[in-house]
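Here is what each chain is made of, one letter per residue.
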Amino acid sequence: MTSRWKDVAMAAGLASGDGTVRPTIFAEMSALAAATGSANLGQGFPDEDGPAWIREAAVDAIRAGENQYPPGRGIQRLREAIAGHQSRHYGIDLDPDTEVLVTAGATEALTAAILALAGPGDEVVTLEPFYDSHAAAIAMAGATHVTVPLVPSGGGFAVDRAVLSAAVTPHTKLILVNSPHNPTGTVLTREELSDIAATAVAADAIVITDEVYEHLVFDGASHIPIATLPGMRERTLTISSAGKTFSLTGWKVGWVAGPAHLIEAVLAVKQFLTYSGGAPFQPAIASALTDGDADIAELRETLDARRELLLASLTRAGFTSVRPQGTYFVCADATPFLTDAVPDGAAFARWLPAHAGVACVPLSAFCRAGSETADALSNWVRFTFVKDDATLATAIERLETRLSRG
């Protein structure tokens, strides 16, 4: 592996010292779950497919011949549906011809945006813990990754505002905001978002948002796109996708919306990544965004019930957990189960499948190696509740009976 790509793999936590690329933590834990017959609460993918009528719309599109390259910006109908969604839910008015770009999932949108707008000598600020692709994209751009910790606070996680103020400097080119936040389940408050917006304006930085869990919020929490705050529309790229909203993660239909000149910059990179894709899925997602609000509400209600079940089970098993306001993940402190042989969350996550028949992932996998945040969260793990009833019931029974016996 060349030193350049070794740097990228190292930033994503995917390279060992000799340059060998290893699987992601998600792939590792899923493989371990399969090998041990464990209930997989590690990797966050749904066990159940999205609404049948949306899937049938894709089948209809295939049969109607929508199987060749769609336009690079995405089909007109989908771009209009995305603009309509943003207007209906958030009051954000967009020109679908110039301010919306369809991508191969949110991951491509994030990567293309970072590659387009940051480079060597630039700093990109993210929250920590962070989704693994964020760090990899920053490394690919040759930019410097600066992190702001989310710290346990009042039963949840909160932005360390003092660190935020110090982290954003004249060298800051981009601030990447992920809310609802993976992996912690935090939904940033208006006050936190306002602080981020103020620092972005002061540094003349562009904000990129990862809002893929925008509709999966609970307990009366509200998702507030930072683009809706004063002075932020003109400096914000808003990214989301259909994968989490409609439980169709394999379709990889995402989008980025924002000022035309920023969209042009992202398109310049995106066209040399995938150019376009998902031809029969794009019209189906256009219909979903236009007519699928009831399906979103049903998914949210179902996930809320499963969230309550998992939270209660983790408490009975002996964990201290944080009640997530969004996403489909619960973070839990595994300290009561640690020993000399199982000294931290990473070791616990690798020990749990064989001992209890349940898989999770360590929260340190979402942190920079050796960072203060990684140290503070070294005993924490993440479980997902986006699983079918049988898988979740099996995991709950095993956690409560097998862990409680020590």
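Computed from a predicted structure; not experimentally measured.

Details of empty space enclosed by the protein
Piece 1. Across all of its chains, the model carries 4 cavities of 30 Å³ or more by this definition.
Piece 2. Taken as a whole, the largest cavity encloses approximately 60 Å³ of empty space.
Piece 3. As for the largest cavity, its lining consists of Q86, I92, L94, A227, R233, T236, T238, A257, G258 and P259.
Piece 4. Of the residues in the lining of the largest cavity, the class split is 5 nonpolar, 4 polar and 1 charged.

Quick notes on the packing of helix α12 (residues 345–356) against helix α14 (residues 389–403)
Piece 1. Two elements in contact, α12 and α14, have axes whose closest approach is 10 Å; the angle formed by their N-to-C orientations is 90°. Taken together, the axis directions place α12 and α14 in an arrangement best described as roughly perpendicular. In this structure, α12 contributes W351, L352, H355 and A356 to the contact, and α14 contributes R398, L399, R402 and L403.
Piece 2. Tallied by class, the residues present in the contact of α12 with α14 amount to 5 nonpolar, 1 polar and 2 charged.

Focus on the domain arrangement of the protein
Piece 1. Per the domain assignment, the segments making up the protein are domain 1 (4–49 + 295–402) and domain 2 (54–291).
Piece 2. If you average the C-alpha positions of domain 1 and of domain 2, the two centres end up 24 Å apart.
Piece 3. In this complex, domain 1 contributes 38 residues to the contact, which on the side of domain 2 involves 39 residues.
Piece 4. At the boundary of domain 1 with domain 2, the tally comes to 2 salt bridges.
Piece 5. The residue R307 makes a salt bridge to D219 at a minimum N-O spacing of 2.8 Å.
Piece 6. The interface formed by domain 1 and domain 2 holds 14 residue pairs in polar contact (both at pLDDT 80 or more) in total.

Side note on the sheet that holds strand β10 (residues 320–322)
Two pairing modes exist for strands in a sheet, parallel and antiparallel, and in both the strands are linked by backbone hydrogen bonds.
Piece 1. Pairing is antiparallel across the open sheet formed by 4 strands, whose spatial order is β10-β11-β14-β13. The open sheet has two edge strands with one neighbour each: β10 and β13 (361–362).

Overview of helix α4 (residues 76–90)
Piece 1. End to end, α4 covers 21 Å across 15 residues, agreeing with the expected 21 Å (1.5 Å per residue, within 8%).
Piece 2. Restricting attention to buried positions, one finds in α4 the residues L78, R79, A81, I82, A83, H85, Q86 and Y90.
Piece 3. On its buried face, α4 is in contact with β2 (100–103), β8 (236–241), β9 (254–257) and α10 (281–291).
Piece 4. Once α4 finishes, G91 follows within two positions and takes phi at roughly 75°, a positive value.

A short note on the sheet that holds strand β5 (residues 156–159)
Piece 1. The mixed open sheet is built from 8 strands, whose spatial order is β2-β9-β8-β7-β6-β3-β4-β5. In this open sheet, the two edge strands, each paired with only one partner strand, are β2 and β5. Neighbouring strand axes in the sheet, compared pairwise and without regard to direction, differ in orientation by 25° on average.
Piece 2. Against the sheet, helix α5 (residues 105–117) engages β2, β6 (172–178), β7 (206–210), β8 and β9, with an angle of about 160° to β8.

Describing the environment of V148
Piece 1. Its place among the elements puts V148 in strand β4 (residues 144–153).
Piece 2. The spacing of V148 and L127 is 21 residues in sequence and 4.7 Å in space, taken between C-alpha atoms.
Piece 3. Ignoring anything within four residues of it in the chain, the contact list for V148 reads V125, T126, L127, E128, V159, D160, V163, L164 and A167.

Looking at the nonpolar core
Soluble, globular proteins show a tendency: their nonpolar side chains are buried together.
Piece 1. In this structure, I175, L237, F319, F348, L352 and F383 are the most contacted members of the largest nonpolar core, which totals 95 residues.
Piece 2. No other element matches α5, which puts 7 residues into this core.
Piece 3. For this core, the domains that each give at least three residues are domain 1 (4–49 + 295–402) and domain 2 (54–291).
Piece 4. Excluding its chain neighbours within four sequence positions, the residues that come into contact with I175 are V125, V168, I196, T199, A200, A205, I206, V207 and I208.
Piece 5. One finds L94, I285, A288 and L289 within the second-largest nonpolar core, a separate group that totals 26 residues.

Brief notes about the UniProt feature "domain: Aminotransferase class I/classII large" (unreviewed entry) in the protein
Piece 1. Sequence positions flagged by UniProt for "domain: Aminotransferase class I/classII large" (unreviewed entry) are, in local numbering, residues 40–399.
Piece 2. For residues 40–399, the helix share is 41%, the strand share is 18%, and the end-to-end C-alpha distance is 12 Å.

Calculation criteria
- Residues numbered from 1 in each chain as written.
- Predicted model: local features only at pLDDT ≥ 70, side-chain atom pairs only at ≥ 80, totals over all residues.
- Heavy atoms only, no water.
- 1 Å grid on protein atoms, 1.4 Å probe; cavity = no way out; pocket = protein on both sides within 12 Å on 5 of 7 lines; lining within 4 Å.
- Points joined across faces, edges and corners; volume = space filled by probe spheres on them.
- Nonpolar A, V, L, I, M, F, W, Y, C, P; charged D, E, K, R; others polar.
- Axes fitted to C-alpha atoms, helices over the stretch in contact; angles between N-to-C directions.
- Helix = DSSP H or I, 4+ residues; strand = E, 2+ residues; numbered from the N terminus.
- Parallel < 35°, antiparallel > 145°, perpendicular 65-115°, else oblique.
- Contact = heavy atoms within 4.5 Å.
- Domains from an automatic or database assignment.
- Salt bridge = Lys/Arg side-chain N within 4 Å of Asp/Glu carboxyl O.
- Polar contact = N/O pair within 3.5 Å; in protein donor to acceptor, adjacent residues only side chain to side chain.
- Pairing = 2+ DSSP bridges.
- Expected span 1.5 Å × (residues − 1).
- Buried < 20%, exposed > 50% of the residue type's maximum accessible area, 1.4 Å probe, protein only.
- Core = buried A, V, L, I, M, F, W, Y, C linked by side-chain atoms within 4.5 Å.
- UniProt positions renumbered as here; feature names shortened; annotations may be inferred.

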